[in-house]
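A structural walkthrough
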Amino acid sequence: MKVSFDYDGTLALPHVEVFAKELVDKGYEVWVVTSRVSEDDSILHPWVKPDWNKDLWASCERIGIPENQVKFTSFADKIEFLKDKNYLFHLDDDLYELTAIMESKDSCQPLNVGHFEWKENCLEVLNKNI
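The following refers to the structure shown. (Residues numbered from 1 in each chain as written. Predicted model: local features only at pLDDT ≥ 70, side-chain atom pairs only at ≥ 80, totals over all residues. Heavy atoms only, no water.)

The next point concerns the sheet that holds strand β1 (residues 2-5). Pairing in this open sheet of five strands is parallel, and the strands run β3-β2-β1-β4-β5 from one edge to the other. Each edge of the open sheet is held by one strand with a lone partner, namely β3 (70-72) and β5 (109-112). Sheet twist, expressed as the average angle between the axes of neighbouring strands with direction ignored, equals 20°. Strand direction decides the pairing type here: strand β4 (residues 87-92) and β5, joined by four bridges, are parallel. Opposite Phe89, over in β5, you have Gln109 as the bridge partner. Taken strand by strand, helix α3 (residues 54-63) contacts β2 (29-34) and β3, and its axis lies near 160° from that of β3. The strands touched by helix α6 (residues 118-128) within the sheet are β1, β4 and β5, with β4 carrying the most contacts at an inclination of about 170°. (Pairing = 2+ DSSP bridges. Helix = DSSP H or I, 4+ residues; strand = E, 2+ residues; numbered from the N terminus. Axes fitted to C-alpha atoms, helices over the stretch in contact; angles between N-to-C directions. Contact = heavy atoms within 4.5 Å.)

To continue, consider the packing of aromatic side chains. All chains considered together, the criterion is met by seven aromatic pairs. Ring geometry for Phe19 and Trp118: centres 5.5 Å apart, planes at 80°, overall edge-to-face. Of this pair, Phe19 sits in helix α2 (residues 14-25) while Trp118 sits in helix α6, and the two are 99 residues apart along the sequence. Relative accessible area serves as the criterion here: at 2%, Phe19 is assigned to the buried category. An angle of 65° between the planes, with centres 5.7 Å apart, marks the rings of Trp57 and Phe72 as edge-to-face. Taken as a pair, Trp57 in helix α3 and Phe72 in strand β3 lie far apart in primary sequence, 15 residues in all. Every member of this aromatic cluster is reached through a ring pair, and the members are Phe5, Phe19, Phe89 and Trp118. Over the face of the ring belonging to Tyr87 we find Lys2, whose NZ or CZ atom lies 4.5 Å from the ring centre. A cation over an aromatic ring shows up here: Lys85 above the ring of Phe81, its NZ or CZ 4.5 Å from the ring centre. (Phe/Tyr/Trp six-rings, centres within 6.5 Å; stacked < 30°, edge-to-face > 60°. Buried < 20%, exposed > 50% of the residue type's maximum accessible area, 1.4 Å probe, protein only. Lys NZ or Arg CZ within 6 Å of the ring centre and 35° of its normal.)

Moving on, we come to unusual backbone geometry. Here Ser74, not a glycine, exhibits a phi torsion of approximately 50°, which is positive. Summarising the element assignment, Ser74 is placed in the loop between β3 and α4 (79-82). Residues other than glycine seldom take positive phi values, yet Lys105 does so here, at roughly 65°. Within the secondary structure, Lys105 is located in the loop between α5 (95-104) and β5.

A separate point is the environment of Lys85. Counting through the fold element by element, Lys85 comes out in the loop between α4 and β4. Lys85 sits in the partly exposed class, given a relative accessible area of 31%. With 45 residues separating them in the primary sequence, Lys85 and Ile130 have C-alpha atoms 18 Å apart. Apart from the residues within four sequence positions on either side, Lys85 is in contact with Lys2 and Glu80. A polar side-chain atom of Lys85 sits 2.6 Å from the main-chain carbonyl oxygen of Phe81. (Polar contact = N/O pair within 3.5 Å; in protein donor to acceptor, adjacent residues only side chain to side chain.)

Dropping the structure here:
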C-alpha cells in the first residue's frame, strides 16, 4: 500500500519523519512527492544549487525511502503525478495542493499536516484499507 508525503513543511518536520519511518518499518510504500526541482532539472532553474536537495535526501536515508520513490514535480500540481496511482493518502501543508487532490475525485485522500489530528487521520485511512 502506497502513501505520499510532501517534503517542505511536512516530512521535513521531525515528528512527521518519525511517523513516516514507522510506516516504512511496517512495510508501507512511502513516497515523497515534492514541488521542488530535481538536480536533473536544475539546468532549467539556474537558481537551484547543486546541494539543493541535500536535506531531502538525508531525510529519505534516515526513513528508508529509496531514491526511486521520490517525485520532484518542479512546481507542477502534485495531483498530476498522484492521479490514478492508488495512493491511500497524501500528507501536505499546502491547501492549494490538498484542494486540487480533493477536487480531482481521485482515491488518494488529501490530508493536512496542519490539522491537530493529522496522524490519527493518516492511521484512519490506513486502517480502512487493511
